[in-house]
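Listed below are the residues making up each chain.
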Amino acid sequence: MTTPGYVSKTDLVAALIRELVITGELEPGEQLRQRDLAQRFGVSQTPVREAMRRLESEGLLSCDTHRGFTVVAPDLGRVEENFQIRAALESLGASLAARKIDPAGLRRLRELNEQMRALADDDPGYAGLHGGPRVTRTHAESARQHDEILAALAGGDADAASARTYQHIIGADPVKEVSG
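About the criteria used
Residues numbered from 1 in each chain as written. Predicted model: local features only at pLDDT ≥ 70, side-chain atom pairs only at ≥ 80, totals over all residues. Heavy atoms only, no water. Helix = DSSP H or I, 4+ residues; strand = E, 2+ residues; numbered from the N terminus. Expected span 1.5 Å × (residues − 1). Buried < 20%, exposed > 50% of the residue type's maximum accessible area, 1.4 Å probe, protein only. Arc of directions from axis to C-beta. Pairing = 2+ DSSP bridges. Salt bridge = Lys/Arg side-chain N within 4 Å of Asp/Glu carboxyl O.

(A) Quick look at helix H1 (residues 9-22). Taking 1.5 Å as the rise per residue, H1 with 14 residues should run 20 Å; its terminal C-alpha atoms sit 20 Å apart, in good agreement. All of the buried residues in H1 are Thr10, Val13, Ala14, Ile17, Leu20 and Val21. For H1, the angular spread of buried residues about the axis comes to 130°, placing them on one side. In the segment just after H1, Gly24 is the residue with positive phi, at about 90°.

If you want it as structure tokens, here you go:
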């Protein structure tokens, strides 16, 4: 049970970092160090790390295995913004689903993934199984990434389900539509 008016350290740190990004004090491409931010805000590195993960799921930060967290450049265009919004919402949905999904739900998702895996890359039936934007990634690669998400869901690992879903969406290269 939460106390009215109580804000966790993670919530507070996330709000502070978000404000620094939005105001431009933290610039696009700037690498963020957990230790420095923890010292700046007077907290341990744990709430900083959790806040950074949350802001990654919101599309304000990105995480690279070798570079750590960096500030994402704003105004990437309509398609990119839609991918960021979708990534934030679907990664949250995956996190929540990992806590509640039942065997029947997992079975249904696995069936859909196997149907996707069986289709040729140019098969128009794919859109009916996976109603997202068209991307240049192959169906086989999408299915492999879905397997990773499904494994996280099956294991009840909310953080992994969220992170893998986020990367699946953000890592997609949308098909560029040619306008006449």
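(B) Fine view of the pairing of strand E2 (residues 61-64). Sheet topology places E2 next to strand E3 (residues 68-71); four bridges connect them, and they run antiparallel. Paired with Ser62 across the bridge in E3 is Thr70. A loop of three residues connects E2 with E3, the two strands running antiparallel in sequence.

(C) Quick look at the pattern of salt bridges. Taken as a whole and assessed by the stated rule, the structure comprises 10 salt bridges. Its salt-bridge partner being Arg18, residue Glu58 comes within 2.9 Å of it at the nearest N-O pair. Pair noted here: Glu58 is in the loop between helix H3 (45-57) and E2 and Arg18 is in helix H1, with a separation of 40 residues, a long-range link. One salt bridge in this structure joins Glu114 and Arg117, with 3.1 Å as the shortest N-O distance. Taken together, the residues Glu114 and Arg117, both in helix H5 (residues 103-118) and three residues apart, mark about one turn of the helix. In this structure Glu114 comes out as partly exposed when scored by relative accessible area, which is 43%.

(D) Inspection of the side chain of Thr165 at higher detail. Tracing the backbone shows Thr165 in helix H8 (residues 158-170). Overall, the relative accessible area of 7% leaves Thr165 in the buried class.

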